Amino acid sequence: QVQLVESGGGLVQAGGSLRLSCAVSGSFFRINDMAWYRQAPGKQRELVADISSGGSTNYADSVKGRFTISRDNAKNTAYLEMHSLKLEDTAVYYCNAEITTYYSSRLNRWGQGTQVTVSE
């Protein structure tokens, strides 16, 4: 069983910062791409940022220059550093990972989500 556990969400004032973590546990051969998505009330889930196993990154235009995605492959953990937070960043943030199993199949797994609330 592969599990993703997010942490680090919370309530922050506009302009503040938060750091989210996503730890992957279980039995697998390799973690491929990892990503952070978010879903605000009444809206569809959207990609925030992703990072390849080699460290290549991609960001949504709305967070470029404010958010940084990174990963520690030794710890099977991805991070999302969020700065200059805006009210519109309020959402549930979900971690996603593509996993290669020991049987060479690929799995896509989601975390349970962590709430980020930005207040005035």
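Just above, that's the structure.
About the cut-offs
Residues numbered from 1 in each chain as written. Predicted model: local features only at pLDDT ≥ 70, side-chain atom pairs only at ≥ 80, totals over all residues. Heavy atoms only, no water. Helix = DSSP H or I, 4+ residues; strand = E, 2+ residues; numbered from the N terminus. Buried < 20%, exposed > 50% of the residue type's maximum accessible area, 1.4 Å probe, protein only. Contact = heavy atoms within 4.5 Å. Areas by Shrake-Rupley, 256 points an atom, 1.4 Å probe, with all protein chains shown as cover. Lys, Arg positive; Asp, Glu negative; His and termini not counted. Charge placed at Lys NZ, Arg CZ, Asp CG, Glu CD. Phe/Tyr/Trp six-rings, centres within 6.5 Å; stacked < 30°, edge-to-face > 60°. Lys NZ or Arg CZ within 6 Å of the ring centre and 35° of its normal. Disulfide = S-S within 2.5 Å. Pairing = 2+ DSSP bridges. Salt bridge = Lys/Arg side-chain N within 4 Å of Asp/Glu carboxyl O.

Caption draft 1: Broad picture of the overall build of the chain. Scanning the chain for helices and strands turns up 0 helices and 11 strands. Taken from the N to the C terminus, the helices and strands of the chain come in the order β-β-β-β-β-β-β-β-β-β-β. Along the longest, intermediate and shortest principal axes, the C-alpha atoms of the chain span 50 × 25 × 25 Å. Expressed as a percentage of its 120 residues, the buried residues of the chain come to 41%. Within the chain, counting contacts between residues at least 6 apart in sequence, those at least 24 apart form 54% of the total. Of the roughly 6500 Å² that the chain leaves accessible, carbon and sulfur atoms contribute 46%. In the chain, 12 side chains carry a positive charge and 11 a negative one; their mean positions are 4 Å apart.

Caption draft 2: Quick look at the packing of aromatic side chains. Under the definition given, this model contains 2 aromatic pairs. Above the face of the Trp110 ring, Arg45 is positioned so that its terminal group lies 4.6 Å from the ring centre.

Caption draft 3: Examining the state of the cysteines more closely. According to the stated counting rule, one finds 1 disulfide in the structure shown. Between the sulfur atoms of Cys22 and its disulfide mate Cys95 the distance is 2.0 Å. Between Cys22 and Cys95, the disulfide has an S-S torsion of -80° and is therefore left-handed. With Cys22 in strand β3 (residues 18-25) and Cys95 in strand β9 (residues 91-100), this residue pair connects regions lying 73 residues apart in the sequence. Note on accessibility: Cys22 and Cys95 belong to one class, buried.

Caption draft 4: How the structure looks around the pairing of β9. Along β9, 8 of the 10 residues are buried, which leaves the element largely enclosed by surrounding structure. Inspection of the sheet shows strand β4 (residues 30-39) paired to β9 by 8 bridges, in the antiparallel sense. Each residue of the ladder has a partner; that of Arg30, found in β9, is Thr100. With 3 bridges connecting them, β9 and strand β11 (residues 114-119) associate as antiparallel partners. By the bridge assignment, Tyr93 is partnered in β11 with Thr114. Both β9 and strand β10 (residues 106-110) contribute to a ladder of 5 bridges, which runs antiparallel. From the neighbouring strand, Glu98 faces β10, where its bridge partner is Asn108. Linking β9 to β10, which pair antiparallel, is a turn of 5 residues; within it Ser104 sits at a positive phi near 70°.

Caption draft 5: Structural detail: the pattern of salt bridges. In this structure the tally under the stated criterion is 6 salt bridges. For Glu46, the salt bridge goes to Arg38, with nearest N and O atoms at 2.7 Å. With a closest N to O distance of 2.8 Å, Glu98 and Arg106 form a salt bridge. Glu98 gets classed as partly exposed once you look at its relative accessible area, which sits at 24%.

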